[in-house]
Amino acid sequence: MPKPPVIVRTLPALRRALADLRGREATTALVPTMGALHDGHLALVRTAKRRADKVMVSIFVNPAQFAPHEDFGSYPRTWKTDVAKLAAEKVDLIWNPDVATMYPDGFATRITPEGPAMAGLEDKFRPHFFGGVATVVGKLFTQCRPDFALFGQKDYQQLKVVTRMARDLDLGVKVIGMTTVRERDGLAMSSRNLYLTPEQRQTATILYRAIKDASKRLRAGDELAAVMAAGAETIAAAGFTVDYFEARHAETLAPVSSIADGPLRLLVAAKIGNTRLIDNAAV
Ligand code: PAF
């Protein structure tokens, strides 16, 4: 039986646990999550274990990053299986604050990221999102003070936003982005995949196929605007409502007009039924 992780729910208990965890020289890594853990999260945990002596995972479904019409209420909460998975990975600490701990009465300070947070991708369709993410991640970083923090590349714009924030605010955390973990048929692992009906789950593979196909065509020299328009049409024809299917500069997320403006990243967000999925890949 692996030693179970220490589960901590209050800030004073977190401070005591951190002092124990760090000892003298130990380095620490944090994997911030909203729970509903899948193999993508566990891949982050495994890399965290290789990078640092001690690994912390936060589980907090952050109300500040959901708009009132979004899925905060129905977001999958799978606490028992999450803890079992983290125990099996020999995680050292699970930080599981409640909403009142993260946003106490009178809470009045938010981080408003700019730069990659204003690229006109997720921010255009979820204007509240990056303010909520930056505020909670900023808090998680200052609470847990990790040396490393690991995020998946599936949320590519989020990765750029938190990387920029950690640098801009001198938070002393090295943000590491990890390759997206995919199902065998290419669908990016996501807690929201749990919402898909079996039929939608099959259709959802179109997102990655469209990205790979567009990437191939761009590398072969096809014109960018035509390739991206054709990709968006294919996704829509499969039954998705497409928010965006775009090629951007991989680092700045600035719009591009040809492969020569690269390195490029192709990014998609689309909705099927009530489920909104995102994905991306390099060209
Ligand atoms: O990617 C997520 O799961 C969330 O946006 C994060 C980074 C844990 C912040 O709530």
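Scroll up to find the structure.
Okay, so let's go over this structure. Computed from a predicted structure; not experimentally measured.

**With respect to the overall build of the protein**
The helix and strand tally for the protein stands at 10 helices and nine strands. Against the globule reference of 19 Å for 283 residues, the protein gives a C-alpha radius of gyration of 19 Å, in line with a compact fold. Oriented by its inertia axes, the alpha-carbon framework of the protein measures out at about 55 × 40 × 40 Å. Evaluated residue by residue, the protein yields a buried proportion of 54% over its 283 residues. Restricting to contacts in the protein with at least 6 residues of sequence separation, those with at least 24 account for 73%. For the protein, the accessible area works out to roughly 13600 Å², and carbon and sulfur atoms hold 52% of it. Taking the 38 positively charged and 30 negatively charged side chains of the protein as two groups, their mean positions are separated by 6 Å.

**Things to note about the sheet that holds strand 6 (residues 174-178)**
Strand order across the open sheet formed by six strands is 1-4-3-2-5-6, with parallel pairing between neighbours. Two strands in the sheet have a free side with no partner beyond their single neighbour: strand 1 (6-8) and strand 6. Neighbour-to-neighbour, the strand axes of the sheet open up by a mean angle of 25 degrees, direction not taken into account. The pairing of strand 3 (residues 54-59) with strand 4 (residues 93-95) spans three bridges and is classified as parallel.

**Quick look at the sheet that holds strand 7 (residues 241-249)**
One open sheet holds the three strands; their spatial order is 7-8-9, and the pairing between them is antiparallel. The open sheet terminates on both sides in strands that have one partner only, identified here as strand 7 and strand 9 (275-282). On average, each strand axis in the sheet is inclined to that of its neighbour by 10 degrees, with strand direction left out of account. Of the strand pairs in this sheet, strand 8 (residues 264-272) and strand 9 are connected by eight bridges, and their pairing is antiparallel. Considered in strand 9, the bridge of Leu-266 is made with Ala-281. Across the sheet, helix 9 (residues 206-219) touches strand 7, strand 8 and strand 9, and the angle it forms with strand 8 is around 150 degrees. Those strands touched by helix 10 (residues 224-237) are strand 7 and strand 8, and its axis lies near 150 degrees from that of strand 7.

**Considering helix 3 (residues 79-88)**
Within helix 3, the full set of buried residues consists of Asp-82, Val-83, Leu-86 and Ala-87. All buried residues of helix 3 project into a common sector of 130 degrees when viewed along the axis, lining one side. For helix 3, the exposed residues lying more than 90 degrees away from the buried face are Lys-80 and Ala-88. Elements in contact with the buried residues of helix 3: strand 1, helix 2 (39-51), strand 3 and strand 4.

**Some thoughts on the packing of helix 6 (residues 129-144) against helix 7 (residues 156-168)**
Two elements in contact, helix 6 and helix 7, have axes separated by 10 Å at closest approach and are oriented at 50 degrees. The angle between helix 6 and helix 7 places the two elements in the oblique class. Judged by the twist between their axes, the crossing of helix 6 over helix 7 is right-handed. Across the interface between the two elements, Phe-129, Phe-130, Val-133, Ala-134, Val-137, Gly-138 and Phe-141 from helix 6 touch Gln-157, Gln-158, Val-161, Val-162, Met-165 and Ala-166 from helix 7. Split by residue class, the contact of helix 6 with helix 7 holds 10 nonpolar, three polar and no charged.

**Thoughts on the layout of surface pockets**
One number sums up the size of the second largest pocket: a volume of about 280 Å³. What lines the second largest pocket is Pro-116, Gln-153, Tyr-156, Leu-159, Lys-160, Thr-163, Arg-164, Arg-167, Val-175, Gly-177, Glu-251 and Thr-252. For the lining of the second largest pocket, the secondary structure elements donating two or more residues are helix 7 and strand 6. When residues of the lining of the second largest pocket are assigned to their parent elements, the largest contribution, six residues, is made by helix 7. Within the lining of the second largest pocket, the residues separate by chemical class into four nonpolar, four polar and four charged.

**Observations concerning the pattern of salt bridges**
Here the structure, examined in full by the defined rule, presents 12 salt bridges. As a salt-bridge pair, Arg-46 and Glu-89 come within 2.7 Å of each other at their nearest N and O atoms. Of this pair, Arg-46 sits in helix 2 while Glu-89 sits in the loop between helix 3 and strand 4, and the two are 43 residues apart along the sequence. Judged by relative accessible area, Glu-89 falls into the buried class, the value being 16%. Residue Lys-154 is joined to Asp-155 by a salt bridge in which the shortest nitrogen-to-oxygen separation is 3.6 Å.

Scoring rules and cut-offs
Residues numbered from 1 in each chain as written. Predicted model: local features only at pLDDT ≥ 70, side-chain atom pairs only at ≥ 80, totals over all residues. Heavy atoms only, no water. Helix = DSSP H or I, 4+ residues; strand = E, 2+ residues; numbered from the N terminus. Rg over C-alpha atoms; globule rule 2.2 N^0.38 Å. Buried < 20%, exposed > 50% of the residue type's maximum accessible area, 1.4 Å probe, protein only. Contact = heavy atoms within 4.5 Å. Areas by Shrake-Rupley, 256 points an atom, 1.4 Å probe, with all protein chains shown as cover. Lys, Arg positive; Asp, Glu negative; His and termini not counted. Charge placed at Lys NZ, Arg CZ, Asp CG, Glu CD. Pairing = 2+ DSSP bridges. Axes fitted to C-alpha atoms, helices over the stretch in contact; angles between N-to-C directions. Arc of directions from axis to C-beta. Parallel < 35°, antiparallel > 145°, perpendicular 65-115°, else oblique. Left-handed = near helix turned anticlockwise from the far one by under 90°. Nonpolar A, V, L, I, M, F, W, Y, C, P; charged D, E, K, R; others polar. 1 Å grid on protein atoms, 1.4 Å probe; cavity = no way out; pocket = protein on both sides within 12 Å on 5 of 7 lines; lining within 4 Å. Points joined across faces, edges and corners; volume = space filled by probe spheres on them. Salt bridge = Lys/Arg side-chain N within 4 Å of Asp/Glu carboxyl O.

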